[in-house]
Amino acid sequence: MKNSYCFFENRDCKYFPCHKGLKEFNCLFCYCPLYQYEKCPGNPQYMENEHGKLKVCTDCTFPHQPDHYDAIVKLLMKH
């Protein structure tokens with residue numbers, strides 16, 4: 001996919017790739033805009049710490065898959 005308004009891949013980032021297993025990696029949502037939602041379409045894990053429940057997205061690639069741009073924007077528009 002070519003860099004555009006809905007896709008950006010930054011191979012020069014020192015953390016690239018931050019998740020394994022994707023051929024095309026969308027860095028546009030480097031910080032997941034769905035992190036604040038308990039029910040998101042990704043596959044987060046939850047762990048308890050002294051402050052309560054913590055969302056852990058280490059194994060989630062949902063926001064980095066190029067074809068998920070529209071789904072993410074649609075979810076953000078609902079909230």
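That block above? That's the structure.
What this report covers is the structure whose coordinates are included nearby.

Reading guide: rules and limits
Residues numbered from 1 in each chain as written. Predicted model: local features only at pLDDT ≥ 70, side-chain atom pairs only at ≥ 80, totals over all residues. Heavy atoms only, no water. Helix = DSSP H or I, 4+ residues; strand = E, 2+ residues; numbered from the N terminus. Buried < 20%, exposed > 50% of the residue type's maximum accessible area, 1.4 Å probe, protein only. Contact = heavy atoms within 4.5 Å. Areas by Shrake-Rupley, 256 points an atom, 1.4 Å probe, with all protein chains shown as cover. Pairing = 2+ DSSP bridges. Salt bridge = Lys/Arg side-chain N within 4 Å of Asp/Glu carboxyl O.

## A word on the overall build of the chain
Here is step 1 of the chain: Along the chain, the regular secondary structure elements total one helix and two strands.
Here is step 2 of the chain: Counting helices and strands in the order they occur from the N terminus, the chain gives β-β-α.
Here is step 3 of the chain: Along the first, second and third principal axes, the C-alpha atoms of the chain reach 40 × 30 × 15 Å.
Here is step 4 of the chain: Scored against the burial criterion, the 79 residues of the chain give a buried share of 30%.
Here is step 5 of the chain: For the chain, the proportion of contacts with a sequence separation of at least 24, taken over those separated by at least 6, is 38%.
Here is step 6 of the chain: A total accessible area of about 6,000 Å² is found for the chain, and carbon and sulfur atoms account for 54% of it.

## Describing the pairing of strand β2 (residues 52–56)
Taken residue by residue, a regular strand's side chains alternate between the two faces of the sheet.
Here is step 1 of the chain: Across five bridges, strand β1 (residues 45–49) lies against β2 in antiparallel orientation. Looking across to β2, one finds that N49 is bridged to G52.
Here is step 2 of the chain: Hairpin remark: β1 followed by β2, antiparallel, with two residues in the connecting loop.

## A word on the pattern of salt bridges
Here is step 1 of the chain: Within this structure, the stated rule accounts for two salt bridges.
Here is step 2 of the chain: A salt bridge links R11 to E9, with the nearest nitrogen and oxygen atoms 2.9 Å apart.
Here is step 3 of the chain: For K53, the salt bridge identified is with E38, shortest N-O distance 2.9 Å. Note that K53 is positioned in strand β2 and E38 in the segment before β1, a separation of 15 residues in sequence.

By themselves, these figures tell us nothing about what the structure is for.
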